Amino acid sequence: MKWTLIFLLGSCLAETALGWTYHYSNKTMNWTQARQWCQTTYTDMVVIQNQKENDYLVSQLPNRTRSPYFWIGITKNHKNETWTWIGNNSTWIGEQSWAANEPNNNHSTEFCVEIYVNGGENRGKWNDEKCGNQKYPVCYQAQCNATSCSRGTCQETIKNITCLCEPGFEGDRCQTAVECPPLSEPDNGYHSCSGGSQTFNSTCQFNCNSGFRLIGSPGVTCGVTGVWSGPRPACASYKQALLAVAGCGAVSALCCICFCWMKHRKRKKLSQVRQLEEATNPASESQG
Ligand code: CA
């Protein structure tokens, strides 16, 4: 019964794309009842965050030539309080939002706001009103939910939602992990990757066939930017590995011999210079 009533009273504005949708009732209510109706049927009473949204909302509402107009979700409890959008606690008010000579807080009792949808210069402007007056509620239905963005934060805009992806994920719904370049098998070896994929956070382990030895790091991980954490290792036969080690040893030994020989030559040269000085200048030695 309840849902039948909602169907009869409520009208969905012609907005079916992703992103929040605006809805209104064809039945007038006081402001408190209007908010309850919005919260029960949709998400909450409409929130307007900028002039563009204000203009869009007015373009979607039916024209009316006289009161009652539509309640919007901005209010204050007392005279000196800040006007606040109850849907998200924001406080946006544009320079052109209020109608001429409004808000006038007539009789100090106007703490709720209606939006004009008549023709002329007041169209889309706001007026503070007594919350107990009867007007049509305007609500919004949020489209972002826990499943809107697989790995990201959902942001609502008119006609669309936007997913801000976590590092390592991409796609319009952040549904795809960033891919690293495919790894080929090393010669004489093989590899396996966690989850069988080569995407963000996947780790691939390398192994060598029997008789071969791994040269390099045995595992690499796919990073947030789609780059592997290190180079692919290689598989060498034990003979090649031994030769490589021996080669390194030989090079080291050669370097050591060269260094020692150069040091020996330098010492020998210094000694010869000293002997020559002593032979050519024996007096300086005796005086010294
Ligand atoms: Ca007023």
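Here, every reference points to the structure presented above.
All values derive from a computational prediction rather than experimental measurement.

## Some thoughts on the pattern of salt bridges
Oppositely charged side chains can form a pair if their charged atoms are brought close together.
1) Next: Within the structure shown, the criterion is met by four salt bridges.
2) Next: Glu114 is the salt-bridge partner of Lys135, the closest N and O atoms lying 2.9 Å from each other. Within this pair, whereas Lys135 is found in the loop between strand 7 (126-129) and strand 8 (136-141), its partner Glu114 is found in strand 6 (residues 112-115), the two being separated by 21 residues in sequence. As far as the burial class goes, Lys135 and Glu114 line up, both buried.
3) Next: Through salt bridges with shared partners, a single ionic network connects Glu114, Glu129 and Lys135.

## Thoughts on the packing of aromatic side chains
1) Next: Inspection of every chain in the model, using the stated rule, returns ten aromatic pairs.
2) Next: Ring plane angle 80° and centroid distance 5.8 Å describe the contact between Tyr24 and Phe70, whose orientation is recorded as edge-to-face. Placement of the pair is Tyr24 in strand 2 (residues 21-25) and Phe70 in strand 4 (residues 70-75), with a sequence separation of 46 residues.
3) Next: Tyr24 gets classed as buried once you look at its relative accessible area, which sits at 12%.
4) Next: Ring plane angle 75° and centroid distance 5.9 Å describe the contact between Trp92 and Trp126, whose orientation is recorded as edge-to-face. Of this pair, Trp92 sits in the loop between strand 5 (84-85) and strand 6 while Trp126 sits in strand 7, and the two are 34 residues apart along the sequence.

Criteria and cut-off values
- Residues numbered from 1 in each chain as written.
- Predicted model: local features only at pLDDT ≥ 70, side-chain atom pairs only at ≥ 80, totals over all residues.
- Heavy atoms only, no water.
- Salt bridge = Lys/Arg side-chain N within 4 Å of Asp/Glu carboxyl O.
- Helix = DSSP H or I, 4+ residues; strand = E, 2+ residues; numbered from the N terminus.
- Buried < 20%, exposed > 50% of the residue type's maximum accessible area, 1.4 Å probe, protein only.
- Phe/Tyr/Trp six-rings, centres within 6.5 Å; stacked < 30°, edge-to-face > 60°.

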